[in-house]
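Structural features, examined
Residue strings, one per chain:
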Amino acid sequence: MRGGAATRAARRGEAVVLRNLKEMAEAAEEFCNKTGVRRLLLGGSEANVSQFREMLPKALQDRVIGTFTIGVNAPENEVQARSMELIEKVAQQREVELVEQAIAGWKRGSGAVVGLSDTLAALQEHRVSILLIAAGYEASGYRCQNCRYLMLSERDECPLCGGPVEEVEDLVDTMTHRALESSVEVEIVRGNKQLEEVGSVGALLRY
Ligand SMILES: [Zn+2]
């Protein structure tokens, strides 16, 4: 039935779908540029998702962290639930990758450290790019009251400035805050045996 009415209608239908997808892609681009969104999830029918993805500019395609199949009329809370599920999965996968990267770097002797002592040193030398901490990990330590230098063992005075030293019960918390203060990314890693085995803390280094 080439050229038949049914085929023409189907082609028109397809053209409408493509136009809609293109408009959505443009809207998505504008939204991402305006808001600085860094990660995207795409949900829809399998065919639409892959078509839509191809229509996105390359920069936006690179931000797609996952896709899922969902009905066009799915309520917002279902879209949200499916998205959260996927975000969780992607986050966990990333944690595993970061820990593997850290341990590989540490074994190689470059690009990463593990264990409290070396991680604390790297953090205070501003060499950390991503700090990895096992969820629930706690440790205590000491801090200079004058220059805030952190240390693991008690000293009479700060080795840097000679200031008085006080105990810090929540050293790991303090390290986390210190990291965030200097725009270091902090990953709280859940249920990762590999990280626990090397001391529950580690870091990927800038250099
Ligand atoms: Zn000091």
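1. Here's the deal with the overall build of the chain
Helix and strand content of the chain: seven helices and nine strands. Taken against the 2.2 N^0.38 rule, which gives 17 Å for 207 residues, the C-alpha radius of gyration of the chain at 25 Å runs more than 25% over that of a compact globule. Based on the C-alpha atoms only, the size of the chain along its principal axes is roughly 90 × 35 × 35 Å. Expressed as a percentage of its 207 residues, the buried residues of the chain come to 33%. Here the analysis covers contacts within the chain between residues at least 6 apart in sequence; of these, 67% occur between residues at least 24 apart. Of the roughly 13,000 Å² of accessible surface on the chain, 49% is carried by carbon and sulfur atoms. With 25 positive and 31 negative side-chain charges, the chain shows a separation of 12 Å between the mean positions of the two kinds.

2. Some thoughts on the coordination of the zinc ion
At this site the zinc ion is bound by Cys 144 (SG), Cys 147 (SG), Cys 158 (SG) and Cys 161 (SG), with donor distances of 2.2 to 2.4 Å. The coordination sphere of the zinc ion comprises four donor atoms, whose angles at the metal cover 98 to 115°; the geometry is tetrahedral. Read from N- to C-terminus, the donor residues coordinating the zinc ion fall into the pattern C-x2-C-x10-C-x2-C. Of this pair, Cys 144 sits in strand β5 (residues 141-144) while Cys 158 sits in the loop between β6 (150-151) and β7 (165-168); the two residues are 14 residues apart in sequence, bridging distant segments of the chain. With respect to burial, Cys 144 and Cys 158 carry one shared label: buried.

3. So, the domain arrangement of the chain
Its domain assignment divides the chain into domain 1 (5-74) and domain 2 (93-205). Each of domain 1 and domain 2 has a C-alpha centre, and these two points are 42 Å apart.

4. Focus: the packing of helix α1 (residues 5-35) against helix α2 (residues 46-55)
Relative to each other, α1 and α2 sit at 55°, their axes nearing to 9 Å. As summarised for this structure, α1 and α2 are arranged oblique, according to the angle between their axes. When the axes of α1 and α2 are compared, the crossing they make is right-handed. Contacts from Val 17, Leu 18, Leu 21, Lys 22, Met 24, Ala 25 and Ala 28 in α1 reach Asn 48, Gln 51, Phe 52 and Met 55 in α2. In terms of residue class, the contact of α1 with α2 is built from eight nonpolar, two polar and one charged.

5. So, unusual backbone geometry
Backbone geometry places His 126, a non-glycine residue, at a positive phi of 60°. Residue position: His 126 is located in the loop between α5 (116-124) and β4 (128-134). At Ser 200, a position not held by glycine, the phi torsion is positive, near 70°. Note on placement: Ser 200 falls in the loop between α7 (193-197) and β9 (201-205).

6. Structural notes on the packing of α5 against helix α6 (residues 171-181)
Two elements in contact, α5 and α6, have axes whose closest approach is 11 Å; the angle formed by their N-to-C orientations is 30°. With respect to α6, the element α5 is oriented roughly parallel. Every pair of crossing elements has a handedness; the one defined by α5 and α6 is left-handed. Only Leu 171, Met 175, Arg 178 and Ala 179 of α6 make contact with α5, whose side of the interface consists of Leu 116, Thr 119, Leu 120, Leu 123 and Gln 124. Its residues placed into classes, the contact of α5 with α6 shows six nonpolar, two polar and one charged.

7. A short note on the sheet that holds strand β3 (residues 112-114)
Read across the sheet, four strands follow the order β3-β9-β4-β8 without closing on themselves; strand pairing throughout is mixed. Either end of the sheet is taken by a strand with one partner, and the two such strands are β3 and β8 (185-189). For this sheet the average axis-to-axis angle between neighbouring strands, irrespective of direction, equals 15°. As paired elements, β4 and β9 share five bridges and run antiparallel to each other. Looking across to β9, one finds that Ile 133 is bridged to Val 201. Sheet strands in contact with α5 are β3, β4 and β9, and its direction is about 135° off that of β3. Contacting β4 and β8, α6 runs over the sheet at an angle of about 150° to β4.

Conventions we followed
Residues numbered from 1 in each chain as written. Predicted model: local features only at pLDDT ≥ 70, side-chain atom pairs only at ≥ 80, totals over all residues. Heavy atoms only, no water. Helix = DSSP H or I, 4+ residues; strand = E, 2+ residues; numbered from the N terminus. Rg over C-alpha atoms; globule rule 2.2 N^0.38 Å. Buried < 20%, exposed > 50% of the residue type's maximum accessible area, 1.4 Å probe, protein only. Contact = heavy atoms within 4.5 Å. Areas by Shrake-Rupley, 256 points an atom, 1.4 Å probe, with all protein chains shown as cover. Lys, Arg positive; Asp, Glu negative; His and termini not counted. Charge placed at Lys NZ, Arg CZ, Asp CG, Glu CD. Donors = N, O, S within 2.8 Å, 3.2 Å for Na, K, Ca; no water. Tetrahedral: all angles 85-135°; square planar, octahedral: opposite > 155°, others 65-115°. Domains from an automatic or database assignment. Axes fitted to C-alpha atoms, helices over the stretch in contact; angles between N-to-C directions. Parallel < 35°, antiparallel > 145°, perpendicular 65-115°, else oblique. Left-handed = near helix turned anticlockwise from the far one by under 90°. Nonpolar A, V, L, I, M, F, W, Y, C, P; charged D, E, K, R; others polar. Pairing = 2+ DSSP bridges.

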